[in-house]
Amino acid sequence: MTVYSVKQLLLEQIAVGSQVCVRGWVRTRRDSKAGLSFVSVSDGSCADTIQAVVESKLENYETEVLKLTKDCAVIITGKLVASVGGSQKVEILTDKVEVTGFVENPDTYPVSPKRHTVEYLREHAHLRVRTNLISSVARVRNSVSMVIHEYLQQNGFYWIHTPLITASDAEGAGELFKVTTLDLNNPPRNNKGHVNYKDDFFGREAFLTVSGQLNVETYCMGLSKVYTFGPTFRAENSNTTRHLAEFWMVEPEIAFADLMDDAALAQGMLKHVFKHVLNNNSDDMNFFAQFIDKTVVTRLESMVNDNFEMITYTDAIKRLENSGKKFENPLFWGVDMASEHERFLCEELIGKPTIVTNYPKDIKAFYMRQNDDGKTVAAMDILAPGVGEIIGGSQREERYDLLVKRMQEMNVPTDHLDWYLDLRRYGSAPHAGFGLGLERAVSYITGVQNVRDIIPFPRTPNNAAY
RNA sequence: GCCUCAAUAGCUCAGACGGUUAGAGCGACGGACUGUUAAUCCGCAGGUCGUAGGUUCGAUUCCUACUUGAGGCGCCA
């Protein structure tokens, strides 16, 4: 007996009349006193279920089939037939139903066949993938991840596995989680009474990485086109719909490239991702359009066909000032735009993803390339309507003297970053890159507004239960 | 970290100016009906009203603290 996925069966590539087997979890059961039950089974291979028609003559009909409730695990064997009624094209005329696991106490089973709030599902994170919403998110997240790899690989990029543990604590991207094997109740101390990290595992203070960028720049200066794709950690007490303590980030880095090359790569990659999801996850996207946000599909379609808006920081400030809109936060050249500014700019004034370039140097990181005006750096942020910043990138400062000077101005200690400076001493080349927040991108694509519902097991302040 | 809001049945919510037996929808369960598919109809069960104090003759309702959750802001991806 050949086992098929629900997706294979529904694609109509299996001949009607074939004996088939499908394994999955019951979504709904409907009984007919005409002597049969309809059992819809999902196996996660697609958004749809396959309907098994179970006749009362089966020996375990009374004892088991009539007791099936949502998420009982079953193995169904039978004949694939054209559907007599209803919306589906094919169904299984069942010969055998094997129940591998019933659901204890269906009344209190957390995932009942009704609509649940995302907040409630989040508190049952180990079971929430059995809902239409979270399983569709999981499939889209997978698609996005794989197509990012595909796009970069096809364009000659190498995937570089940068370390998750780092000693560089000065990347300027936020608070770090400390990694230690010391006994926190009784740490070794030096003669000043401070904790002596020389006795720690790495012989120095170590942290979980906040970005693979600095490391991947080294491989960029030899492999030309590289990227990181992995988890990243920020120990910030951030409580928003778009922050996680552990999240996934894609960070391409390209050599002999400037900010415009960087922006073009980012845009090309995002558009490719959007197109792929529209083509390959149409069922999932239709589900989001129906239950989450009516505009998700049309929004992505227009994104694929239309270029992003590009605007300099200076022009963005001017447009915001001239808009006549009153803002809570101060607005003048030199401020780090508040989210209300970014939102108004890309949602109201422009109405599509917006690439803002050339920010004032004082609000950006030390490694960004200084522009000739002496005031700005070659940075870019890509703002998505509804989500905000999904990409942050820049051309890197490749000139040794200017980089050292900038680090001194910004009080960035150089002692753990000699290796980074070496890149500017030995065959330095202009280069640029960006970081794409995977959860934010998937949030934008699906319309699911909280990144805690995009990652299977979200880590946020006070939450690592699963 | 700051600000705001919320917590009542398995879930989503309503409610009481403080006063006998706290309601609905969905889900679960039982039944009727039906090639059904968010089925429909009827019925039944299910609640220490988040926790701890306080005010009061009386608190689920008012007050305080705490806990948990959510949203906004900041940090950023």
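Residues numbered from 1 in each chain as written. Chains lettered and ligands numbered in written order. Predicted model: local features only at pLDDT ≥ 70, side-chain atom pairs only at ≥ 80, totals over all residues. Heavy atoms only, no water.

Points about the overall build of chain A
And then number 1: Along the backbone of chain A there are 12 helices and 16 strands.
And then number 2: Counting all 466 residues of chain A, 50% fall into the buried class.
And then number 3: Taking the contacts inside chain A whose residues are at least 6 apart along the sequence as the reference set, 66% of them involve residues at least 24 apart.
And then number 4: Considering chain A, the positive charge centre built from 50 side chains and the negative charge centre built from 60 side chains are found 3 Å apart. (Helix = DSSP H or I, 4+ residues; strand = E, 2+ residues; numbered from the N terminus. Buried < 20%, exposed > 50% of the residue type's maximum accessible area, 1.4 Å probe, protein only. Contact = heavy atoms within 4.5 Å. Lys, Arg positive; Asp, Glu negative; His and termini not counted. Charge placed at Lys NZ, Arg CZ, Asp CG, Glu CD.)

Things to note about the domain arrangement of chain A
And then number 1: Split by domain assignment, chain A resolves into domain 1 (6–101) and domain 2 (130–156 + 253–453).
And then number 2: A C-alpha centroid distance of 45 Å is found between domain 1 and domain 2.
And then number 3: Taken together, the contact between domain 1 and domain 2 spans eight residues of the former and eight residues of the latter.
And then number 4: For the domain 1 and domain 2 pair, buried surface summed over both sides reaches about 580 Å², with 36% attributable to carbon and sulfur atoms.
And then number 5: The largest contributions to the domain 1 side of the interface with domain 2 come from Arg27, Ala47 and Asp71, which together make up 62% of the buried area.
And then number 6: On inspection of domain 1 and its partner domain 2, the count reaches five residue pairs in polar contact (both at pLDDT 80 or more).
And then number 7: A breakdown of the residues in the side of domain 1 that touches domain 2 according to their chemical character gives two nonpolar, two polar and four charged. (Domains from an automatic or database assignment. Buried area = accessible area lost by both parts, 1.4 Å probe. Polar contact = N/O pair within 3.5 Å; in protein donor to acceptor, adjacent residues only side chain to side chain. Nonpolar A, V, L, I, M, F, W, Y, C, P; charged D, E, K, R; others polar.)

A short note on the sheet that holds strand β9 (residues 206–208)
Hydrogen bonds between backbone groups are what pair the strands of a sheet, and the pairing can be parallel or antiparallel.
And then number 1: Read from one edge to the other, the open sheet built from three strands follows the order β7-β9-β8, with strand pairing classed as antiparallel. The open sheet has two edge strands, β7 (165–166) and β8 (178–179), and neither has a second partner.
And then number 2: In the sheet, β8 pairs with β9 via two bridges, with the strands oriented antiparallel. Note that in β9 the partner of Val179 across the bridge is Ala206. (Pairing = 2+ DSSP bridges.)

A closer look at the nonpolar core
The tendency in soluble globular proteins is for nonpolar side chains to be buried as a group.
And then number 1: Residues Ile148 and Leu436 are the most contacted members of the largest nonpolar core, which totals 53 residues.
And then number 2: Top element by residues in this core is helix α5 (residues 259–280). It accounts for 10 residues.
And then number 3: Not counting residues within four places of it along the chain, the set of residues in contact with Leu436 comprises Ile148, Trp248, Met249, Val250, Met269, Leu270, Ile390, Ile391 and Ala441.
And then number 4: Ranked by size, the runner-up nonpolar core spans 31 residues in total, among them Ala316, Ile350, Val356 and Leu383. (Core = buried A, V, L, I, M, F, W, Y, C linked by side-chain atoms within 4.5 Å.)

Points about the packing of aromatic side chains
And then number 1: By the definition in use, this model includes 12 aromatic pairs.
And then number 2: Through pairs of rings, three or more aromatic residues link up here, namely Phe366, Tyr367, Trp419 and Tyr420.
And then number 3: Lying over the aromatic face of Tyr359, Lys364 brings its terminal NZ or CZ to 4.3 Å of the ring centre.
And then number 4: One cation-aromatic arrangement involves Lys375 over Trp333; the distance from NZ or CZ to the ring centre is 5.3 Å. (Phe/Tyr/Trp six-rings, centres within 6.5 Å; stacked < 30°, edge-to-face > 60°. Lys NZ or Arg CZ within 6 Å of the ring centre and 35° of its normal.)

Overview of the confidence of the model for chain A
The predicted structure's coordinates, where accompanied by low pLDDT, should not be read in detail.
And then number 1: On average, chain A scores 92 in pLDDT, and the residues at 70 or more come to 99%.
And then number 2: Looking at the elements of chain A, mean pLDDT is at its lowest for helix α7 (residues 296–305), recorded as 89, and at its highest for strand β6 (residues 158–159), recorded as 98. (pLDDT = per-residue confidence, 0-100.)

Quick notes on α7
And then number 1: By the burial criterion, the buried members of α7 are Val296, Val297, Arg299, Leu300, Met303 and Val304. What you see down the axis of α7 is that its buried residues fit within an arc of 165°, all on one side.
And then number 2: Considering only its buried residues, α7 is in contact with α5, α6 (282–291) and α12 (438–446). (Arc of directions from axis to C-beta.)

Focus on the side chain of Thr354
And then number 1: By the secondary structure assignment, Thr354 is in strand β13 (residues 354–360).
And then number 2: The exposure class assigned to Thr354 is buried, which follows from its relative accessible area of 0%.
And then number 3: Looking at Thr354, its side chain comes within polar contact range of the main-chain oxygen of Lys352, at 2.8 Å.
And then number 4: Those residues within four positions of Thr354 in sequence are excluded, and the remaining contacts are Glu309, Ile311, Cys346, Asp381, Ile382 and Leu383.

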